[in-house]
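Here are the chains, one letter per residue:
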Amino acid sequence: MEDYHVEMPEKEKPAASRRSYSMEQYAFEKRLPVEFLRDTCHISNDKERKDQATYMKIPYLKEDGTEATYRKRFAGKEFRWRYGSSGKICLYGEWRLPQMRQSGYACLVEGESDTQSMWYMGISTLGIPGASMMRADWAGVLQDLKLYIHVEPDKGGEAFLAKVTRALREGKFVGEVYKWSCRTLGCKDPSEVYMKYGKEEAAEKIRKAISNAEQIDIEEDNIPEAVEGAPVNLRQPEGWIYSEKGISVIDEKKYAPVM
């Protein structure tokens with residue numbers, strides 16, 4: 001999972017402050033072949049019209065292969081959705097669903113880089129852009145697949161698990177659901193496992209972790225602890241987040257928490 005920066009609206013952050021970033025830089029950082037990113041992930045480089053800053057274009061394609069929207073990545077892990085993306089965002093990798101249905105399962109991870117690393121290792125995976133963005137209607141495209149939800153070793157991981165299972169339940173998902181974690185491998189996420197052990201060994205370790213995954217009941221609503229030591233563990237309503245830092249609402253246009 002990427003440590004995403006808050007996606008500020010255009011008027012709050014001048015375009016001139018953006019720094020260029022390319023697919024080639026990303027490939028070097030994530031140790032993924034440029035050809036794989038281009039041909040399998042359909043990633044490319046593009047430029048902003050205003051300041052000509054280069055960005056890495058990450059397309060979100062629907063199951064039929066048409067583009068639903070895309071995300072721009074600039075230097076400093078700065079992300080922007082294409083203007084007008086509201087209501088168009090789908091699961092990352094949805095265009096690979098026909099292959100996943102043949103395999104009978106899909107891992108659910110948070111963010112694009114973990115998804116791409118899993119694909120490169122040959123593991124059936126779909127990416128959720130962010131824990132706050134999981135929607136109940138996405139359960140429809142996942143029906144009858146065995147789902148393996150990756151849980152990162154922190155509070156964010158537990159919040160992600162709670163959000164995904166609740167959305168699956170509300171979307172009337174039918175199928176087996178499991179949870180697993182790279183924590184058992186001494187790593188935070190699949191991308192870190194891949195970079196630490198290399199393609200073949202990492203794939204073997206992750207497949208073993210998945211085979212030992214714990215089956216969960218999505219009807220049980222496990223509420224993650226948002227504030228350590230709080231006398232009451234409150235449920236977080238849809239579109240809201242509370243923590244030690246305060247209470248935030250998820251702005252559906254900016255796809256970011258607003259205090």
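Residues numbered from 1 in each chain as written. Predicted model: local features only at pLDDT ≥ 70, side-chain atom pairs only at ≥ 80, totals over all residues. Heavy atoms only, no water.

Details of the packing of aromatic side chains
- Within the structure shown, the criterion is met by 10 aromatic pairs.
- Summarising the aromatic geometry, the rings of Y105 and Y148 are spaced 6.1 Å apart at their centres and angled 85° between planes, so their arrangement reads as edge-to-face. Of this pair, Y105 sits in strand β5 (residues 105-110) while Y148 sits in strand β7 (residues 146-150); the two residues are 43 residues apart in sequence, bridging distant segments of the chain. Y148 shares its class with Y105; the two are buried.
- Measuring from ring centre to ring centre gives 4.8 Å for Y148 and Y178, while their planes differ by 10°; the resulting arrangement is stacked. With Y148 in strand β7 and Y178 in strand β8 (residues 177-180), the pair connects residues that are 30 residues apart, well separated along the chain. Y178 carries the same exposure label as Y148, and that label is buried.
- The cationic tip of R96 hangs over the ring face of W119; the distance from NZ or CZ to the ring centre is 4.5 Å. (Phe/Tyr/Trp six-rings, centres within 6.5 Å; stacked < 30°, edge-to-face > 60°. Helix = DSSP H or I, 4+ residues; strand = E, 2+ residues; numbered from the N terminus. Buried < 20%, exposed > 50% of the residue type's maximum accessible area, 1.4 Å probe, protein only. Lys NZ or Arg CZ within 6 Å of the ring centre and 35° of its normal.)

Quick notes on the nonpolar core
- Among the nonpolar cores identified, the biggest contains 67 residues, and L37, L142, I149, L168, W180 and I206 are the most heavily contacted of them.
- Residues within four places of L168 in sequence aside, it is in contact with M134, A139, L142, L147, I149, F173, V177 and I218. (Core = buried A, V, L, I, M, F, W, Y, C linked by side-chain atoms within 4.5 Å. Contact = heavy atoms within 4.5 Å.)

Things to note about the confidence of the model for the chain
- Here the chain shows a mean pLDDT of 87. Residues at 70 or above account for 81%.
- Low pLDDT, under 50, characterises residues 3-12; the stretch is placed with 22 contacts to residues that sit more than four places away or in other chains. (pLDDT = per-residue confidence, 0-100.)

Overview of the environment of V177
- Structurally, the position occupied by V177 is in strand β8.
- Taking the relative accessible area as the measure of exposure, V177 reaches 2% and is therefore buried.
- Distance from V177 to C107, taken between C-alpha atoms, is 9.8 Å for residues 70 residues apart in sequence.
- Excluding residues that lie within four positions of it along the chain, V177 makes contacts with L147, I149, L168, E214, Q215, I216 and I218.

Some remarks on the sheet that holds β5
- Here 5 strands make up an open sheet; going across it, the order is β6-β5-β7-β8-β9 and the pairing mixed. Since the sheet does not close on itself, it has two edges, and those belong to β6 (125-128) and β9 (214-216), each with one partner. Adjacent strand axes in the sheet meet at a mean angle of 30° when their direction is disregarded.
- The sheet contacts of helix α5 (residues 155-170) involve β5, β6, β7, β8 and β9, and relative to β7 the element is tilted by about 155°. (Pairing = 2+ DSSP bridges. Axes fitted to C-alpha atoms, helices over the stretch in contact; angles between N-to-C directions.)

Regarding the side chain of T54
- As for its placement among the helices and strands, T54 is situated in strand β2 (residues 54-61).
- The exposure class of T54 is buried, given its relative accessible area of 18%.
- Those residues within four positions of T54 in sequence are excluded, and the remaining contacts are R19, S20, Y21, N45, D46, K47 and F74.

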